[in-house]
Amino acid sequence: QVQLVETGGGLVQAGGSLRLSCAASGSIFSISAMGWYRQAPGKQRELVATITSGGSTKYADSVKGRFTISRDNAKNTVYLQMNSLKPEDTAIYYCNGNGIRTITSIRSEDYWGQGTQVTVSS
């Protein structure tokens, strides 16, 4: 069984920085990509950033230049460095693992973390 655990959320002042971490645990054979999504109150969940095992990244336009996604494949961990935070960044941030195969699985599956709250005060 695969589990994703996010850490690093909290309350910060506008203009501040925060780093989120997400570690995937279990007997993992491979992961196609990992990423971060967020959901603000009354809004749909949206993509923030993704990174493939090969290092290709994708960012939402709203966070380009401010957020940086990185990974440590050996530790099955993905990070999200968030700088110049704005109140509109306030949301629950969810870690996503795409195309994860365990050592016993035939098909890949997607997994989600429990989410971590990020609140940016003005």
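The structure reproduced in this document is the subject of the present report.

What counts, and where the lines are drawn
All residue numbers refer to positions counted from 1 along the written sequence of the respective chain. Only residues with pLDDT of at least 70 get local features here, since the model is predicted, and only at 80 or more are side-chain atom pairs given and counted; chain-wide, interface and lining totals rely on the full set of residues. Note: side-chain values were computed over all heavy atoms of the structure, leaving out hydrogens and water. Here, any two strands with at least 2 DSSP bridges between them count as paired. Elements are defined by DSSP. Helices are runs of H or I of four residues or more, strands are runs of E of two residues or more, and each kind is numbered from the N terminus. Lines fitted to the C-alpha atoms define the axes, with helices restricted to the stretch that makes contact. Angles between their N-to-C directions range from 0 to 180 degrees. With a 1.4 Å probe rolled over the protein chains alone, any residue whose accessible area is under 20% of its type maximum counts as buried; one over 50% counts as exposed, and the rest are partly exposed. Here a residue-residue contact requires only that any non-hydrogen atoms of the pair lie within 4.5 Å. The definition used for a disulfide is geometric: two cysteine sulfur atoms within 2.5 Å.

If you trace the four strands from one edge of the open sheet to the other, you get S1-S3-S8-S7, paired in antiparallel fashion. Because the sheet does not close on itself, it has two edges, and the strands there are strand S1 (3-7) and strand S7 (67-72). Neighbour-to-neighbour, the strand axes of this sheet turn through a mean angle of 15°, independent of strand direction. As defined by bridge partners, strand S3 (residues 18-25) adjoins strand S8 (residues 77-82) across six bridges and the pair is classed as antiparallel.

A separate point is unusual backbone geometry. One non-glycine residue, Asn76, adopts positive backbone phi at about 50°. Relative to the helices and strands, Asn76 resides in the loop between S7 and S8. Non-glycine residue Ser84 carries a positive phi angle of around 50°. Under the relative-accessibility criterion, Ser84 is labelled partly exposed at 40%.

Here Thr77 lies in strand S8. Among the residues examined, Thr77 registers a relative accessible area of 9% and is labelled buried. Sequence-wise, Thr77 and Ser21 are 56 residues apart; in three dimensions their C-alpha atoms are separated by 7.0 Å. Residues contacting Thr77, with those up to four places away along its chain left out, are Cys22, Ala23, Ser70, Arg71 and Asp72.

Burial along S1 is one-sided: the face carrying Leu4 and Glu6 is buried and the face carrying Gln3, Val5 and Thr7 is not. Note that S1 and S3 share five bridges and pair antiparallel. Along S3, the bridge assignment pairs Gln3 with Ser25.

Once that is clear, we can look at the state of the cysteines. Tallied over the full model, the rule gives one disulfide. Each sulfur of the disulfide joining Cys22 and Cys95 lies 2.0 Å from the other. On the sign convention where negative means left-handed, the S-S torsion of about -85° between Cys22 and Cys95 marks this disulfide as left-handed. Of the two residues, Cys22 sits in strand S3 while Cys95 sits in strand S9 (residues 91-102), which places them 73 residues apart along the sequence. The exposure class assigned to Cys95 is buried, which follows from its relative accessible area of 0%.

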